[in-house]
Amino acid sequence: MAIIALLTDFGRADPYVAAMKGVLLSRCDVRIEDLSHEVAPFDVWGGAFFLRAVVPYWPAGTIFVVVIDPGVGTLRRILAIERDGRTFLAPDNGVLSLVAAPPAVSVENDAFFLSGGSTTFHGRDRFAPVAAAMARGTPLHELGPRVDAIVTLDYAPPSYDCARAEGTIVHVDRFGNLVTDVEAARLPFARFAARAGAHTIARVARAYGEAGDGAFLIVGSTGCIEISVANASAAALLQLERGDGVTIVPA
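Residues numbered from 1 in each chain as written. Predicted model: local features only at pLDDT ≥ 70, side-chain atom pairs only at ≥ 80, totals over all residues. Heavy atoms only, no water.

**Quick notes on helix 3 (residues 122-135)**
Item 1. Between its first and last C-alpha atoms helix 3 spans 18 Å; for 14 residues at 1.5 Å apiece the expected length is 20 Å, and the two agree.
Item 2. Maximal helix bending in helix 3 amounts to about 25°, located at Ala128; proline Pro129 follows within four positions.
Item 3. Judged by how many residues are buried, helix 3 sits mostly within the fold: 11 of 14 residues are covered.
Item 4. Among all positions in helix 3, only His122, Gly123, Asp125, Phe127, Ala128, Pro129, Val130, Ala131, Ala132, Ala133 and Met134 are buried.
Item 5. Considering only its buried residues, helix 3 is in contact with strand 1 (2-8), helix 1 (16-27), strand 3 (63-67), strand 4 (78-83) and strand 5 (86-91).
Item 6. Where helix 3 ends, the next residue or the one after it, Gly137, has phi of about 105°, a positive value. (Helix = DSSP H or I, 4+ residues; strand = E, 2+ residues; numbered from the N terminus. Expected span 1.5 Å × (residues − 1). Bend = angle between axes of the 7 residues up to and from the residue. Buried < 20%, exposed > 50% of the residue type's maximum accessible area, 1.4 Å probe, protein only. Contact = heavy atoms within 4.5 Å.)

Pasting the structure below:
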């Protein structure tokens, strides 16, 4: 049975997710899994980094349907991309740029859309029926023409040299931990400190519970360096946010 994994900014209070699932289940025998529906509204960046963190742990054959779509109803394209045995269906707004690359298909064959669909709810009227067709085995080339360029995030990957690594705070989790994109395994030095905003953080802990008071660094579950405060929000206490730069230097 095919797996369709949903990632949206719809939340749970409104009928949107349930409507999408109804279309999917009425058109194919499929297992539907919810990645999250709590991405902040219109937060393409947040959705992109969410995908980067979770996609490697899902099995080959998974169909990822991503509906974070502030451009719904406009001329923005819907993309279908296969990569590493997984398939992605999403708006062409950068949300796939960290997990998939061209070539892609621009989904334009309206025979796969719900008839009489709206311009405001492509999740139900286009993404869900197209995903159902994909789960039934429809090859991507039947959905529309090939495209060789997609929209990407305005994002510079971290840089590494023998003296420092320059990166970015890419996520603030619900605990207030500041997750950077600097991979600890790529540092050419074993002991490190971080500079972010007006702060220098030199303490490193292996676990949150052994950190004690004040800000500290920890290698998180993604393998990247995080700035944290035990039992408190590092983001609030240090007045740092997603998009702020961070420099990692030898301790």
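**Quick notes on the pattern of salt bridges**
Item 1. Under the definition given, this model contains 11 salt bridges.
Item 2. As a salt-bridge pair, Arg77 and Asp92 come within 2.8 Å of each other at their nearest N and O atoms. Pair noted here: Arg77 is in the loop between strand 3 and strand 4 and Asp92 is in the loop between strand 5 and strand 6 (104-106), with a separation of 15 residues, a long-range link.
Item 3. On the accessibility criterion, Asp92 (9% relative accessible area) is buried.
Item 4. In the salt-bridge network here, residues are joined through shared partners; they are Arg12, Lys21 and Asp34. (Salt bridge = Lys/Arg side-chain N within 4 Å of Asp/Glu carboxyl O.)

**Description of the sheet that holds strand 3**
Item 1. Read across the open sheet, the 7 strands follow the order 2-1-3-5-4-6-7; overall the sheet is mixed. Either end of the sheet is taken by a strand with one partner, and the two such strands are strand 2 (30-36) and strand 7 (146-147).
Item 2. Note that strand 1 and strand 2 share 6 bridges and pair parallel. Residue Ala2 lies in a different strand from strand 2, and its bridge partner there is Val30.
Item 3. Contacts from helix 3 reach strand 1, strand 2, strand 3, strand 4 and strand 5 within the one sheet, and its direction differs from that of strand 3 by about 175°. (Pairing = 2+ DSSP bridges. Axes fitted to C-alpha atoms, helices over the stretch in contact; angles between N-to-C directions.)

**Examining the environment of Pro158**
Item 1. By the secondary structure assignment, Pro158 is in the loop between strand 7 and strand 8 (159-160).
Item 2. The contacts of Pro158, once residues within four sequence positions are left out, are Glu166, Gly167, Asp181 and Val182.

**A few points about the pairing of strand 1**
Item 1. Counting buried residues in strand 1 gives 6 out of 7 residues, a clear majority hidden from the surface.
Item 2. For the handedness criterion, the β-α-β arrangement of strand 1, helix 1 and strand 2 is classed as right-handed.
Item 3. Here 5 bridges tie strand 1 to strand 3, and the two strands are oriented parallel to one another. Opposite Ile4, over in strand 3, you have Ile63 as the bridge partner. (Right-handed = clockwise from strand over helix to strand, strands pointing away.)

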